[in-house]
Amino acid sequence: MATANLLALDTATENCSVALDYQGERLHIEEYAPRDHTKKVLPFVQQILSQAGIGLSQLDAIVFGRGPGSFTGVRIGVSTAQGLAFGADLPMIGGSTLQAMSQAVARLHGAERCLAAIDARMNEVYWGEYALVDGLMTLQGEEQVIPPEALSASDVAACAVGTGWQTYAELLQQRYPNAMLVENPLYPSAQDMLDYGQWAYAQGKHCPACEAQPVYLRDKVTWKKLPGRE
């Protein structure tokens, strides 16, 4: 079965990344750039399209990191992807940052289960549990924002990944004593949104640019924001 030609981008965390799946060949660019997403992401898009020798018109869809993550970072990613999609009249596919990290754990470590946690500040984590189903890390239950100590305890054996595990290691390991912490990847990457993007495109799970939505998980945070955090 032919694969779709997809461009993916993600700026939801400190990592800024762009990836391309064109005629079955994949390219990616990424950089740790916590304050420079707006300066980096479009040049990365131009660079990767130039490297492949194609334009936006040769794509089938644009995949974007829909969150969860930094409110500012998620907004940058969604609005950038929307601008590109509007300009080229392309549909959009929203990919979860937690799913992308889990997919990376399957790719890099051969894991079949993953506990993904992104530091959400304010003593909470963005949390998702994933299991490998037909090559795709699939959400078990719901993604949530939650204090680590409020998670239901489990003896599940799984890889544990993300900044949440770095910040709240002791609390999370008390809840999941059989979790095996892996340091790579620490952040989501657009290259690991491509597998989900292919599946979603094949299933018709895409939308017009005007309907693309971020996923924050936490809605009411303005009054609690910490200086320099967003």
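In what follows, the structure referred to is the one given above.
Residues numbered from 1 in each chain as written. Predicted model: local features only at pLDDT ≥ 70, side-chain atom pairs only at ≥ 80, totals over all residues. Heavy atoms only, no water.

Participant: Could you clarify how one ought to interpret the layout of surface pockets in this entry?
Facilitator: A water-sized probe rolled over the atoms picks out the places where empty space is left. By volume, the second largest pocket is sized at about 160 Å³. In terms of lining, the second largest pocket is formed by 13 residues, of which the most central are Gln99, Tyr130, Met137, Leu139 and Tyr196. Broken down by secondary-structure element, the contributors of at least two residues to the lining of the second largest pocket are β5 (92–96), β8 (136–146) and α6 (194–202). Examining the composition of the lining of the second largest pocket, we find that five residues originate from one element, β8, more than from any other. Class assignment of the residues belonging to the lining of the second largest pocket gives a composition of six nonpolar, five polar and two charged. (1 Å grid on protein atoms, 1.4 Å probe; cavity = no way out; pocket = protein on both sides within 12 Å on 5 of 7 lines; lining within 4 Å. Points joined across faces, edges and corners; volume = space filled by probe spheres on them. Helix = DSSP H or I, 4+ residues; strand = E, 2+ residues; numbered from the N terminus. Nonpolar A, V, L, I, M, F, W, Y, C, P; charged D, E, K, R; others polar.)

Participant: Sorry if this is basic, but what is going on with the packing of aromatic side chains here?
Facilitator: What characterises a pair of aromatic rings is the spacing of the ring centres plus the angle enclosed by the ring planes. With the rule as written, the count across this model stands at five aromatic pairs. Ring centres 5.9 Å apart and planes at 40° place the aromatic pair tyrosine 32 and tyrosine 187 in the tilted group. One end of the pair, tyrosine 32, is in strand β3 (residues 25–32); the other, tyrosine 187, is in the loop between β10 (179–181) and α6, with 155 residues separating them in the sequence. The exposure class assigned to tyrosine 187 is buried, which follows from its relative accessible area of 18%. Seen from their ring centres, phenylalanine 71 and tyrosine 216 are 4.4 Å apart, and the 25° between their planes marks the pair as stacked. A residue pair is termed long-range when its members are at least 10 positions apart, and phenylalanine 71 in helix α2 (residues 71–88) and tyrosine 216 in the segment after α6 qualify at 145 residues. The burial state of phenylalanine 71 is the same as that of tyrosine 216; both residues are buried. Three or more aromatic residues joined by ring pairs form one cluster here, namely Trp127, Trp165 and Tyr176. (Phe/Tyr/Trp six-rings, centres within 6.5 Å; stacked < 30°, edge-to-face > 60°. Buried < 20%, exposed > 50% of the residue type's maximum accessible area, 1.4 Å probe, protein only.)

Participant: How should the nonpolar core be read in this particular structure?
Facilitator: Generally speaking, nonpolar side chains in soluble globular proteins are found buried as a group. The biggest cluster of nonpolar side chains holds 46 residues, and the ones touching the most others in it are Leu7, Val18 and Leu20. With six residues, the single largest contributor to this core is α2. Those residues within four positions of leucine 7 in sequence are excluded, and the remaining contacts are Val18, Ala19, Leu20, Val45, Ile48, Leu56, Leu59, Ala61, Ile62, Val63 and Leu84. Judged by nonpolar contacts, the second largest core, of 14 residues, contains Leu115, Trp127, Ala160 and Ala179. (Core = buried A, V, L, I, M, F, W, Y, C linked by side-chain atoms within 4.5 Å. Contact = heavy atoms within 4.5 Å.)

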